[in-house]
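Examination of the molecular architecture
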Amino acid sequence: MQLDNSMKVLVVDDFSTMRAVVTKLLVELGFSNIIEASDGEEAWQKLQSGDFNLVVCDWNMPKMTGIELLNKIKEDSQFQSIRFILITAEAKPHQIIEAAVAGVDAYIVKPFSAETLYEKIVKVFNSDLNVKPAGE
């Protein structure tokens, strides 16, 4: 599947500042079809109404954590093609293992750069996307 920067991305974080940072980085990378959700429950509702290609999600959130959202996505066959990048301050080995076991496609530890996000997106889709980090 050839992807480009028009793919639909869902950014999920309970902190509006972090959503804004991730969205800004994605825009810098050339993405324009970005939707935001403030928690896993809102994200799940938005996933029902759109054909998303990628979810970029925080781990620790009220109502539904990133791992809980990932589990719901993985359990529902209509969402099998969605890629999931978990962004978190959690960097302990057991947490990384828990995320891997849950089926996360990539794991990013905060803080991170546009270049790191770009590299993870490319890795997740195993494709050359038509986007480059700002400054290149």
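Right above here is the structure, for reference.
Just so you know, the residues in each chain are numbered from 1, in the order the chain's sequence is written. In view of the model being predicted, local features appear only for residues whose pLDDT reaches at least 70, and side-chain atom pairs are presented and counted only at 80 or more, with totals across whole chains, interfaces and linings using the full set of residues. Calculation of side-chain values draws on the structure's entire complement of heavy atoms; hydrogens and water are dropped beforehand.

1. A short note on the environment of Ile-87
Condition: Comment: elements are numbered from the N terminus, with helices defined as DSSP H or I runs of at least four residues and strands as E runs of at least two. Here's how the labels work: a residue is buried when its accessible area is under 20% of the maximum for its type, exposed when over 50%, partly exposed in between, all with a 1.4 Å probe on protein chains only.
Tracing the backbone through its elements, the reader meets Ile-87 in strand E4 (residues 83-88). Assessed through its relative accessible area of 3%, Ile-87 is described here as buried. C-alpha separation for the pair Ile-87 and Tyr-107, spaced 20 residues apart in sequence, amounts to 6.1 Å.

2. Side note on the side chain of Asp-39
The cut-off we apply is this: Residues adjacent in sequence count toward polar contacts only when both atoms are side-chain atoms; beyond that, a polar contact is any pair of N or O atoms within 3.5 Å, and within protein one must be able to donate a hydrogen and the other to accept it. In what follows, residue pairs with any heavy atoms lying within 4.5 Å of each other are defined as contacts.
Relative to the elements of secondary structure, Asp-39 occurs in the loop between strand E2 (34-37) and helix H2 (40-48). Relative accessible area serves as the criterion here: at 6%, Asp-39 is assigned to the buried category. A polar side-chain atom of Asp-39 sits 2.9 Å from the main-chain amide nitrogen of Glu-41. A polar contact is formed between the side chain of Asp-39 and the backbone nitrogen of Glu-42, at a distance of 2.8 Å. Not counting residues up to four positions away in its chain, the partners in contact with Asp-39 are Val-12, Met-61, Pro-62 and Lys-63.

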